Amino acid sequence: MNNSLTSIRYLPGKKGEVWKYLEYHKINVFYAYDYEQLYDKENAFILLIDITTFIALIIGGFGIFAFSVFFAESRKKEVALRKINGSSKWEIQMIFHRQFLKLTVFAFILTLPPGYFLLQGWLEKFAYRSPVSWYIFPGILLACLTVVYLIVTWQTQRIASINPIECLKEE
């Protein structure tokens, strides 16, 4: 009499083939559990988070774009005067970037503690616990700064390339 137990691992979607093989070879199956079923709620939650994140990124990108357009248009005369006084495009861009990047870092610092505690609380619900790695947050900050930098650069290039004489004539 053989009292050994065997675990069988199979590829997703191959469950039917494995069962047929076991029945054909008359192998008794005492316990079969679909572990993927344990994480159905988590997979649905992750899909919801992905969709929500995508929508939030689009809305945030539009917000940053609108704010940078407003900021650039409201400071058009200042940019024209700076260009007349000899400022380069780089110097004009640095004025805009400094303000937007400060706001981005401030928003990141403000959302860091709640984000950390929410992520830690969510990860504690799993059977296999993994710690919240420190390098995730600088990566998020870098991604946010990159997006803001690209959007603001696009607007400042547009404003800095306008002829200052035409800008001052309008006002």
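The notes below deal with the structure included here. It should be emphasised that the depicted structure is a prediction, and the values quoted were computed from it without experimental measurement. Chains are numbered independently. Their residues run from 1 in the order of the written sequence. Whole-chain, interface and lining totals are the exception, using all residues; otherwise, since this is a predicted model, local features are given only for residues with pLDDT of at least 70 and side-chain atom pairs are given and counted only at 80 or more. Computation of side-chain values: all heavy atoms of the structure, hydrogens and water removed.

### Here we look at helix H5 (residues 136-160)
Under the 1.5 Å per step criterion, the end-to-end length of H5 is 35 Å for 25 residues, consistent within 8% with the ideal 36 Å. Looking at H5, one finds that the buried residues are Phe-137, Leu-141, Val-148, Ile-151, Val-152, Thr-153, Gln-155, Thr-156, Ile-159 and Ala-160. It only takes one pair of heavy atoms within 4.5 Å for two residues to be counted as in contact. To qualify as a helix, a DSSP run of H or I must reach at least 4 residues; to qualify as a strand, a run of E must reach at least 2; elements of each kind are numbered from the N terminus. Buried residues along H5 sit against helix H2 (40-74), helix H3 (76-84) and helix H4 (89-123). To estimate the expected span of a helix, count its residues, drop one, and scale the result by 1.5 Å. Type-normalised accessible area, obtained with a 1.4 Å probe on protein chains alone, sets the label of each residue: buried when under 20%, exposed when over 50%, and partly exposed for intermediate values.

### Side note on the packing of aromatic side chains
For Phe, Tyr and Trp, where Trp contributes only its six-membered ring, two rings pair if their centres lie within 6.5 Å, and the inter-plane angle classes them as stacked under 30 degrees, edge-to-face over 60, or tilted in between. As enumerated under the stated definition, the model contains nine aromatic pairs in all. Residues Phe-67 and Phe-100 carry aromatic rings whose centres are separated by 5.3 Å and whose planes lie at 70° to one another, so their mutual orientation is edge-to-face. In this pair, Phe-67 sits in helix H2 while Phe-100 sits in helix H4, placing the two residues 33 residues apart along the sequence. Clustering of aromatic rings is evident, with ring pairs tying together Phe-67, Phe-71, Phe-96 and Phe-100. Above the plane of the ring of Phe-96 lies Arg-75, whose end atom (NZ or CZ) is 5.9 Å from the centre. For a ring to carry a charge above it, either NZ of a lysine or CZ of an arginine must fall within 6 Å of the ring centroid while also lying within 35 degrees of the normal to the ring plane.

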